[in-house]
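What the coordinates show
The chain contents come next:
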Amino acid sequence: MSLSETELMLRGYGLTTAELYYRMPDFRNVLNSFIWQDYDLAPDHPRLFKFIEFWQETIEGPLHSVSFTHRKRISSGEWRNVVGEFRLN
């Protein structure tokens, strides 16, 4: 069973966005880019490196460079359970 985004964030995951630049298989002088996003654990980034390994083994376009950023959106100390609702009208 996969976890929801909130459950992942409470377990320490953050949103990792990577931009991969790769060479076109038929035109080696042409660079193209691919954006990848997933929830991952910093500083090791196991999901990002697993995707890079998959790319190198499966995709014909060789990687030129990879740049990425990681944003931990919430932590367990920032989570609070709100019970109640205000209605207007």
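Please refer to the structure placed before this passage.
Chains are numbered independently. Their residues run from 1 in the order of the written sequence. Given that this is a predicted model, residues contribute local features only at a pLDDT of at least 70 and side-chain atom pairs are listed and counted only at 80 or more, while totals for whole chains, interfaces and linings are drawn from all residues. As a rule here, side-chain values come from all non-hydrogen atoms in the structure, and water together with hydrogens is ignored.

**Re the nonpolar core**
Filter applied, for reference: Note on terminology: a nonpolar core comprises buried Ala, Val, Leu, Ile, Met, Phe, Trp, Tyr and Cys residues joined through side-chain atoms within 4.5 Å. Exposure classes here rest on a 1.4 Å probe applied to the protein chains alone. A residue is buried below 20% of its type maximum, exposed above 50%, and partly exposed in between. Secondary structure counts use DSSP, requiring at least four H or I residues in a row for a helix and at least two E residues in a row for a strand, with both numbered from the N terminus.
Formed by A18, L20, Y22, W36, L48, F51, I52 and W55, the largest nonpolar core amounts to 8 residues. Elements with a minimum of two residues in this core: β1 (14–23) and α2 (46–58). Top element by residues in this core is α2. It accounts for 4 residues. Counting 5 residues, the second-largest nonpolar core is a separate cluster that includes L8, M9, Y13 and Y39.

**A closer look at unusual backbone geometry**
Peptide bonds are mostly trans, and most non-glycine residues show a negative phi. Cis peptide bonds are those with omega within 30 degrees of zero, and the linkage from A42 to P43 qualifies with 5°. With a phi angle near 50°, H45 is a residue other than glycine that sits in the positive phi range. Here H45 shows up in the loop between β2 (31–40) and α2.

**Quick notes on α2**
Formally: For a helix, the expected span equals 1.5 Å multiplied by the number of residues minus one. This arc is taken over the directions from the axis of the helix to the C-beta atoms. When checking whether two residues touch, look at their non-hydrogen atoms; a contact exists if any pair is within 4.5 Å.
Between the first and last C-alpha of α2 there are 18 Å, a value that for 13 residues agrees with the 18 Å anticipated at 1.5 Å per step. Those residues of α2 lying buried are L48, F51, I52 and W55. Taken around the axis of α2, the buried residues stretch over an arc of 100°, which confines them to a single face. Along α2, exposed side chains directed more than 90 degrees from the buried face belong to K50 and E57. For α2, the elements touching its buried residues are β1, β2 and β3 (63–71).

**Examining the packing of aromatic side chains**
Rules: To pair, rings of Phe, Tyr and Trp, with the six-membered ring standing in for Trp, must have centres within 6.5 Å; the planes then decide the type, stacked if under 30 degrees apart, edge-to-face if over 60, and tilted in the middle.
For the structure shown, the criterion picks out 6 aromatic pairs. Pairing F34 with W55 gives two aromatic rings, centres 5.7 Å apart and planes at 50°, and the pair type is tilted. One end of the pair, F34, is in strand β2; the other, W55, is in helix α2, with 21 residues separating them in the sequence. Residue class for F34 comes out partly exposed when judged on its relative accessible area of 34%.

**With respect to the side chain of T16**
Note the threshold: Any pair of N or O atoms that falls within 3.5 Å is considered a polar contact. Within protein, one atom must be able to donate a hydrogen and the other to accept it, and sequence-neighbouring residues count only if both atoms are side-chain atoms.
Mapped onto the fold, T16 is located in strand β1. Among the polar contacts listed, one links the side chain of T16 to the side chain of H70, at a separation of 2.8 Å. If we skip the residues at most four places from it in the chain, T16 touches W36, Q37, D38, D40, H45, L48, F68, T69 and H70.

**Some points on the pairing of β1**
Convention followed: For two strands to pair, DSSP has to find at least two bridges joining them.
Bridge count between β1 and β2: 10 bridges; the pairing is antiparallel. Within β2, the residue paired with L15 across the bridge is Y39.

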